[in-house]
Amino acid sequence: MRNFTLPSEELMGSGHLGCQGCGGALAMRYALKAAGENTIVVIPACCWTIIAGPFPYSSLKVPVLHTAFETAAVAAAGVRAALDIQGNTETTVLAWAGDGGTFDIGLQALSGAAERNENIIYICYDNEAYMNTGIQRSGATPYLAWTTTTPEKTPKTEPKKDIMAIMVAHRIPYAATATIAYPDDFIRKVQKAKSIYGTKFLHVLAPCPPGWKAPSELAITLSRLAVQTRVFPLYEVEDGERYILNRPKEETALPVSEYLKLQGRFSHLTEQEIQEIQKIIDTRWQRLLRLVSESS
Amino acid sequence: MRKPIVFTSEHEMPPMAVSLADMGHNRTGGWRYLRPIYSEKLAPCKSACPVGNDIPRILSLVSEGHYEDAWRLFRETSPLPGVCGRVCYHPCESFCNRKNFDEALSIASIERFVADACFGLEDRISERPRRSEKIAIVGSGPAGLTCAYFLAKDGYAVTVFEAASQPGGMLRLGIPSYRLPREVLDREIELIARWGVEFRTNIRVGQEIDIEKLWEQHDAVFIATGAHRGRALNIPGEEFALQGLEFLKAVNLSPNPSPTRRGEGSQGVRLGKKVLVIGGGNTAMDCARTALRLGAQPIVVYRRTREEMPAITEEIEEAEHEGVQFEFLAAPVAIHKLNDKLEVQCIRMKLGEPDKSGRRRPVPIPGSDFILRADSVLKAVGEEPDLSFISESLETSEGIVMDRSHELLERAGVFIGGDAQTGPSTVAQAMRSGKETAQAIMRFLRGERTPKPKKLEEALRVNFAYFAHMPRVPTPQLPVSERIANFAETKRALSPEQARAEATRCFSCGVCNNCDNCWVFCPDVAITRMNGTYEVNYDFCKGCGVCVEECPRSVISLVEEEL
């Protein structure tokens, strides 16, 4: 009566330094199950710099190259080039960066790699703020959310950057969203990315219980609610053109309040603000549906 | 590597920052202040089942097509799955967690399917100690049969005394064959007899045999004589009305009840065309539906409204469906005989204040008398136990106490249960009583004390995210046109496909069915899949609680870590 068909191979070990209920840790576990043993992971400054463990330890059973904040994509492209020169086209190179290193600090390197169509998989595990340095706002922090640099009295007034639109605009062969409550979907997308030549980009929503001020046991629930409320729709874009929606569009969405009310970072919101967020989500959903229907 | 690496000099260090070991030395279990533990819970259906059938496991077996295993699991807790699948009012379904999601599981129809699918099978009679103690059971209804089954399975010599010509008690005498075909009942009694239970029929305690003699000759006696004495109307002309239960017994014991032109048939009951049934309980419904099948036109006369009827709703609906007429808010005040016909003088009622039972009390409206004409009148206003065979001396000197606890009875070695103890109740409640009494008798004979009842935690929390809506499979029914002229069973069995589909709807509340969610969602890779089970590695589990939250069926509990 299994609910999922996860590969049994474990390439992430116990003893890592992720917090209780870490969505980023679970995302890595799934990504490596899909990518397989023959993978090199490139990690810029982000939570995973810490989670993997300090020198001379690593909780990952694949090689890891720790690199500077802004360099995930270009360092991965370098590893790829080195492998190619050795005639090794089998090894997968996986850049693994947080939202800070993707949306903000590493964006130019990522844009450059995408423009050159470097043959790498780039996964951004997005926990929506600079979490390991103390929950500072990032370009991925949602509209009106609390962080330590956007306190409740002056929450973030800018919308979350649409990283998928940015990457799709590079017309890379494959871009997709995924999240930890849907492991089969997640793993299928990593495996699909592995089978495609060029720059592949995955935007993964990775709930962070301490940063979102939510109980750790709700990590999966929050990820699921993000999809069910359409805060974070699951979709794929091939060659910057073909949009594929992964959850049936006729499915009725839950109100966004179901998602917001479980998180302390949104506890200051007024009913009016929640309605405003709902409207933004509805508009974005309609836009996505339009893109899906236009490309089919 | 489970120890931290310590470099004592620069030369021991690698030339560049490269990892030499995994993080296994870092026992993150120390972060934990809440501990997840696997502890299966009691499914609400199983908790509600009077005989404690292991419903989630049975449904899981059915969903996989293992019907024989399912049947054997039923028989561990109940000797009458074929009977219960048909006549039990399935309290299990009322408590099914799935009713909060879409619709409750159709548990009774699956039980019936399993019993039908395994009709030819027999219990595996296990090697068991032959015990010297002899036990007499008075009455072979659901309480007596169940008690006999469990005692015989434990090696005791059991004799069941039955006043009627065949065993079964109310199952045979009270329940019409369109609800419970006789071959089903016969077969399940036969399987009980295979365990060595002796049935002695046509022996009425108090007439053919004396209760005190039984007590002398046996090590324990169980009185399970049921509630067969019909209550009186206490109105003038009562003698013209027939007890509904007596009518049912006559029809149910006749080999071939069939409709006759004027209701004069092999069953030896002269009914006529127009039949009034007084009362609103299950006996009244059985009387009306039986009369209908004998060619009569029954009218149920009840002093309150449909809402207050004590009969099970399903029975009322079936009666209405088959064309039984109802005269609500009417009570008989006298019966007159004119020539061959009866005139029932009734008074119109209205509902007043609620009484003890919470139902609104019927209040007569003065001067509202009216006449209902009929060929016969059946009274079905309740039954009560007839315990006149218990002599005063036994009752007083040895302390027969009508008490659920069995405590005082155990001292005497005389036990009472089923409807004889409680008054009319359901088949399943009588079976529970029979089963509990079997256990009480065993304890009595072995000099053991009554154990404190252990209350298991119920599995009430279901994570609906892991289930898809699926409508309940309706129980197939015989069309009305094909049922009112005969005693054919009105409910049909599910097909194997329907039964399996319905069984897959089970949430398996509180019972792990290896869905893997705990293993899949552990961010710390601290759960290991074993052969069919899971194990938490407490060296690394940080106690985040994700596995507890994502377990669809509350098998995992989170407890505070002891310091």
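This structure is a prediction, so every number in the text was calculated from the model and none was measured. (Residues numbered from 1 in each chain as written. Chains lettered and ligands numbered in written order. Predicted model: local features only at pLDDT ≥ 70, side-chain atom pairs only at ≥ 80, totals over all residues.)

(A) Fine view of the overall build of chain A. In terms of helices and strands, chain A carries 11 helices and 8 strands. Rg of the C-alpha trace for chain A: 18 Å, near the compact-globule value of 19 Å for 296 residues, within the 12% margin. Along the first, second and third principal axes, the C-alpha atoms of chain A reach 60 × 45 × 45 Å. When burial is assessed residue by residue, chain A has 55% of its 296 residues classed as buried. For chain A, the share of sequence-separated contacts (at least 6 apart) that also reach a separation of at least 24 residues comes to 69%. (Helix = DSSP H or I, 4+ residues; strand = E, 2+ residues; numbered from the N terminus. Rg over C-alpha atoms; globule rule 2.2 N^0.38 Å. Buried ≥ 20, exposed ≤ 12 C-beta atoms within 10 Å, placed from the backbone. Contact = placed C-beta atoms within 7 Å.)

(B) Focus on the overall build of chain B. The secondary structure content of chain B amounts to 21 helices and 20 strands. Overall, chain B is about 125 × 55 × 50 Å in size when its C-alpha atoms are taken along their principal axes. Looking at the 563 residues of chain B, the share that counts as buried comes to 46%. Look at the contacts in chain B between residues 6 or more apart in sequence, and 72% of them connect residues 24 or more apart.

(C) A look at the interface of chain B and chain A. Taken residue by residue, the interface counts 36 residues in chain B and 32 residues in chain A. Mapped by element, the contributors of at least two residues to the side of chain B that touches chain A are helix H20 (517-520) and helix H21 (546-550) of chain B. Top element by residues in the side of chain B that touches chain A is H21(B). It accounts for 4 residues. By residue class, the composition of the side of chain B that touches chain A is 19 nonpolar, 11 polar and 6 charged. (Nonpolar A, V, L, I, M, F, W, Y, C, P; charged D, E, K, R; others polar.)

(D) Local environment of the pairing of strand S8 (residues 242-245) of chain A. Looking at chain direction, strand S7 (residues 235-238) of chain A and S8(A) are connected through 4 bridges and run antiparallel. Following the sheet pairing, Glu236(A) is matched in S8(A) by Ile244(A). (Pairing = 2+ DSSP bridges.)

(E) Region of interest: the pairing of strand S8 (residues 274-278) of chain B. All names here are of chain B. Burial analysis of S8 places 4 of its 5 residues in the buried class, which makes it a mostly covered element. Relative to strand S9 (residues 297-301), S8 is paired through 5 bridges, and the arrangement is parallel. Looking at S9, one finds that Ile278 is bridged to Val301. Between the parallel elements S8 and S9, the chain passes through helix H12 (residues 282-293) in a crossover that is right-handed. Judged from the 4 bridges that link them, S8 and strand S15 (residues 376-379) form a sheet pairing that is parallel. Across the sheet, the residue bridging to Ile278 is Lys379, located in S15. (Right-handed = clockwise from strand over helix to strand, strands pointing away.)

(F) Examining the domain arrangement of chain B more closely. All names here are of chain B. For chain B, the domain assignment lists domain 1 (26-41 + 512-560), domain 2 (44-123 + 457-485 + 495-504), domain 3 (134-228 + 385-446) and domain 4 (232-384). Computed from C-alpha coordinates alone, the two centres of domain 2 and domain 4 are separated by 33 Å. With 5 residues of domain 2 at the interface, the matching set in domain 4 holds 7 residues. Counted by class, the side of domain 2 that touches domain 4 contains 4 nonpolar, no polar and 1 charged residues. (Domains from an automatic or database assignment.)

(G) View of the packing of H12(B) against helix H13 (residues 313-322) of chain B. All names here are of chain B. In the contact formed by H12 and H13, the axes pass within 10 Å of each other and the chain directions differ by 25 degrees. For the element pair H12 / H13, the angle class is roughly parallel. Of the two possible hands of crossing, H12 and H13 adopt the one that is left-handed. Residues Asn282, Met285, Ala288, Arg289 and Leu292 of H12 lie in contact with H13, whose contacting residues are Glu315, Ile316, Glu318, Ala319 and Glu322. (Axes fitted to C-alpha atoms, helices over the stretch in contact; angles between N-to-C directions. Parallel < 35°, antiparallel > 145°, perpendicular 65-115°, else oblique. Left-handed = near helix turned anticlockwise from the far one by under 90°.)

(H) Up close: the sheet that holds strand S3 (residues 157-161) of chain B. All names here are of chain B. Strand order across the open sheet formed by 5 strands is S4-S3-S2-S5-S17, with parallel pairing between neighbours. The sheet is open, and its two borders are formed by strand S4 (198-200) and strand S17 (414-416), each paired with just one other strand. Taken over all neighbouring pairs, the strand axes of this sheet differ in orientation by 20 degrees on average, direction set aside. With 5 bridges joining them, strand S2 (residues 134-138) and S3 adopt parallel strand pairing. Paired with Ile135 across the bridge in S3 is Val158.

(I) Region of interest: the environment of Gly206(B). Residue and element names in this part refer to chain B. By the secondary structure assignment, Gly206 is in the loop between S4 and helix H10 (211-217). Given 16 C-beta atoms within 10 Å, Gly206 falls into the partly exposed group. Put simply, Gly206 and Ser388 are 182 residues apart on the chain and 8.0 Å apart in space, counted from C-alpha to C-alpha. Ignoring anything within four residues of it in the chain, the contact list for Gly206 reads Ile211, Ser388 and Phe389.

(J) The sheet that holds S7(A), seen in detail. Residue and element names in this part refer to chain A. A sheet is described by the order of its strands in space; here 8 strands give the open sequence S2-S1-S3-S4-S6-S5-S7-S8, paired in mixed fashion. Edge strands, defined here as strands with exactly one partner in the open sheet, are strand S2 (64-66) and S8. Between one strand and the next, the sheet's axes are offset by a mean angle of 20 degrees, whatever the strand orientation. Alignment of strand S3 (residues 92-98) against strand S4 (residues 121-126), held across 5 bridges, turns out to be parallel. Bridged to Ala95 within S4 is Tyr122. Running at roughly 170 degrees to S3, helix H3 (residues 72-85) makes contact with strand S1 (39-43), S2, S3 and S4 of the sheet.

(K) Inspection of helix H3 (residues 67-77) of chain B at higher detail. Of all the residues in H3(B), the buried ones are Tyr67(B), Ala70(B), Trp71(B), Leu73(B), Phe74(B) and Arg75(B). Buried positions along H3(B) lie against helix H2 (55-63), helix H4 (81-87) and helix H6 (107-117) of chain B.

(L) Layout of unusual backbone geometry. The linkage connecting Phe55(A) with the following residue, Pro56(A), adopts the cis geometry, with an omega of 5 degrees. With respect to the secondary-structure elements, Pro56(A) resides in the loop between helix H2 (47-51) and S2. Of note, Asp516(B) is a non-glycine position whose phi angle comes to about 80 degrees, a positive value. Structurally, Asp516(B) is set in the loop between helix H19 (496-504) and H20. Within the chain, Val525(B) stands out as a residue other than glycine whose phi angle is a positive 50 degrees. Take Val525(B): there are 21 C-beta atoms within 10 Å of it, and that puts it in the buried class.

(M) Fine view of the environment of Ile280(A). Residue and element names in this part refer to chain A. Looking at where Ile280 falls in the secondary structure, it is placed in helix H11 (residues 271-295). Look at Ile280 and you get partly exposed, because 17 C-beta atoms sit within 10 Å. Sequence separation between Ile280 and Val231 is 49 residues; the distance between their C-alpha atoms is 9.4 Å.

(N) Geometry of helix H7 (residues 183-194) of chain A. All names here are of chain A. In a regular helix each residue adds 1.5 Å, so 12 residues correspond to 16 Å; H7 covers 16 Å between its end C-alpha atoms and thus fits that length. Residues of H7 that are buried include every one of Pro183, Phe186, Ile187, Lys189, Val190 and Ala193, and no others. Taken end-on, H7 shows its buried residues confined to a sector of 160 degrees, consistent with a single buried face. (Expected span 1.5 Å × (residues − 1). Arc of directions from axis to C-beta.)

(O) Fine view of the nonpolar core. In terms of nonpolar packing, the biggest core is built from 244 residues, with Val42(A), Ala76(A), Ala148(B), Phe222(B) and Val277(B) touching the most fellow members. Those residues in contact with Val277(B) that sit more than four places away from it in its chain are Gly244(B), Ala284(B), Cys287(B), Ala288(B), Pro298(B), Val300(B), Val301(B), Leu378(B) and Ala380(B). (Core = buried A, V, L, I, M, F, W, Y, C linked by C-beta atoms within 7 Å.)

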